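Listed here are the chains, written in short residue letters.
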Amino acid sequence: MPRLSRITTRSGDGGQTGLADGSRVDKDSPRIQALGDLDELNAALGLLMAELEHREQQALITGIQQQLFNLGGELALPGTSTIDAEQVLWLEQRLKQINTALPPLQEFVLPGGSRAAAQAHLARAVCRRAERSLWGLSRQEWVNSESLKYLNRLSDLLFVVARALARQASTAEPTWNKAP
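Residues numbered from 1 in each chain as written. Predicted model: local features only at pLDDT ≥ 70, side-chain atom pairs only at ≥ 80, totals over all residues. Heavy atoms only, no water.

Visitor: I'd like to hear about the side chain of R163, residue by residue, with values.
Guide: Relative to the assigned elements, R163 resides in helix α5 (residues 145–168). Those residues in contact with R163 that lie beyond four places of it in its chain are N99, L102, P103, P104, L105, V109 and E173. (Helix = DSSP H or I, 4+ residues; strand = E, 2+ residues; numbered from the N terminus. Contact = heavy atoms within 4.5 Å.)

Visitor: Help me get a handle on the nonpolar core, residues and values and all.
Guide: Of all hydrophobic cores here, the largest spans 41 residues; its most connected members are L41, I64, L68, L151, L154 and L157. For this core, the elements supplying multiple residues, two or more each, are α1 (30–51), α2 (55–76), α3 (85–100), α4 (115–138) and α5. The dominant element in this core, judged by the number of residues it contributes, is α5, at 11 residues. Those residues within four positions of L41 in sequence are excluded, and the remaining contacts are L68, A123, V126, C127, L151, L154 and L158. (Core = buried A, V, L, I, M, F, W, Y, C linked by side-chain atoms within 4.5 Å. Buried < 20%, exposed > 50% of the residue type's maximum accessible area, 1.4 Å probe, protein only.)

Visitor: Kindly report on the packing of α1 against α2, identifying the contributing residues and their values.
Guide: Packed helix pairs are specified by the crossing angle of their axes together with the interaxial distance, meaning the distance between the axes. At their nearest, the axes of α1 and α2 sit 10 Å apart, and the two run at 165 degrees to each other. Judged on the interaxial angle alone, α2 and α1 are roughly antiparallel. The way α1 lies across α2 gives a crossing that is left-handed. Taking contact as the criterion, the partners of R31, A34, L35, L38, L41, N42, L45, G46, L48 and M49 in α1 are, on α2, Q58, I61, T62, I64, Q65, L68, F69, L71, G72, E74, L75 and A76. (Axes fitted to C-alpha atoms, helices over the stretch in contact; angles between N-to-C directions. Parallel < 35°, antiparallel > 145°, perpendicular 65-115°, else oblique. Left-handed = near helix turned anticlockwise from the far one by under 90°.)

Visitor: Any chance you could break down the packing of aromatic side chains for me, citing the residues and the numbers?
Guide: Within the structure shown, the criterion is met by 1 aromatic pair. Look at F108 and W176: their rings are 5.8 Å apart centre to centre, the planes differ by 65 degrees, and that puts the pair in the edge-to-face class. With F108 in the loop between α3 and α4 and W176 in the segment after α5, this pair connects stretches of sequence that are 68 residues apart. On the accessibility criterion, F108 (61% relative accessible area) is exposed. Judged by its relative accessible area of 39%, W176 falls in the partly exposed class. (Phe/Tyr/Trp six-rings, centres within 6.5 Å; stacked < 30°, edge-to-face > 60°.)

Visitor: Could you give an account of the side chain of N144, naming the residues involved and the relevant values?
Guide: Note that N144 resides in the loop between α4 and α5. A distance of 2.9 Å separates a polar atom in the side chain of N144 from a polar atom in the side chain of E74. Excluding residues within four positions of it along the chain, N144 makes contact with E74, S81, T82 and I83. (Polar contact = N/O pair within 3.5 Å; in protein donor to acceptor, adjacent residues only side chain to side chain.)

Visitor: So what about the pattern of salt bridges? Which residues, and what values?
Guide: One pass over the full model with this rule turns up 8 salt bridges. Notably, a salt bridge pairs R153 with E92, separated by 2.8 Å at the nearest N-O pair. Of the two residues, R153 sits in helix α5 while E92 sits in helix α3, which places them 61 residues apart along the sequence. The partly exposed category is assigned to R153, whose relative accessible area is 22%. Linking K149 and E146 is a salt bridge whose minimum nitrogen-to-oxygen distance equals 3.3 Å. (Salt bridge = Lys/Arg side-chain N within 4 Å of Asp/Glu carboxyl O.)

Visitor: With reference to specific residues and values, describe α3.
Guide: Between its first and last C-alpha atoms α3 spans 22 Å; for 16 residues at 1.5 Å apiece the expected length is 22 Å, and the two agree. Looking at where α3 begins, the residue whose side-chain oxygen comes 3.0 Å from the main-chain nitrogen of E86 is D84. (Expected span 1.5 Å × (residues − 1).)

Visitor: So what's going on with the packing of α1 against α5? Residues and values would help.
Guide: The contact between α1 and α5 brings their axes to 14 Å, and the two run at 20 degrees. On the basis of their axis angle, the class for α1 and α5 is roughly parallel. Helix-helix and strand crossings are classified by hand; for α1 and α5 the assignment is left-handed. In contact with L38, L41, L45 and L48 of α1, α5 contributes L151, L154, L158 and L165. Partitioning the contact of α1 with α5 into residue classes produces 8 nonpolar, no polar and no charged. (Nonpolar A, V, L, I, M, F, W, Y, C, P; charged D, E, K, R; others polar.)

Here is the structure:
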């Protein structure tokens, strides 16, 4: 059975959209803002995926995209939880694994280094926005605390992925140099 039989429903023409529980909310509500930021993050990860050549890296990003859809499901169905401490731990383990192979930072890293690294930096910035949106929603409604942790760890992971991708491309990581 198809999930969507029609794409154009016209039901949102009045400025509201439907949630998975059948309720209607304003399109500019904090919940829909957070959903939109998650959607943009997933799209940014899709761009990053298009740059990746190694299966292990592709599997990492695909796994994250799947979890972000689960997180979107949480937001679409208020009161549900799909992200748990296990997914947060999984991110922490990947983060540690990748970061261990990198030299310690001596300066602040600027986004760039290679196309893939720049895409990872962009995804990190979008992830930070999604995290801020989710925190904003949590000030008004219940939000799964593990989902907040997940986005926080994910932005850290995307930072070290960007560093690793720059090094993989044999490109120096661009760093901030304080102007005199």
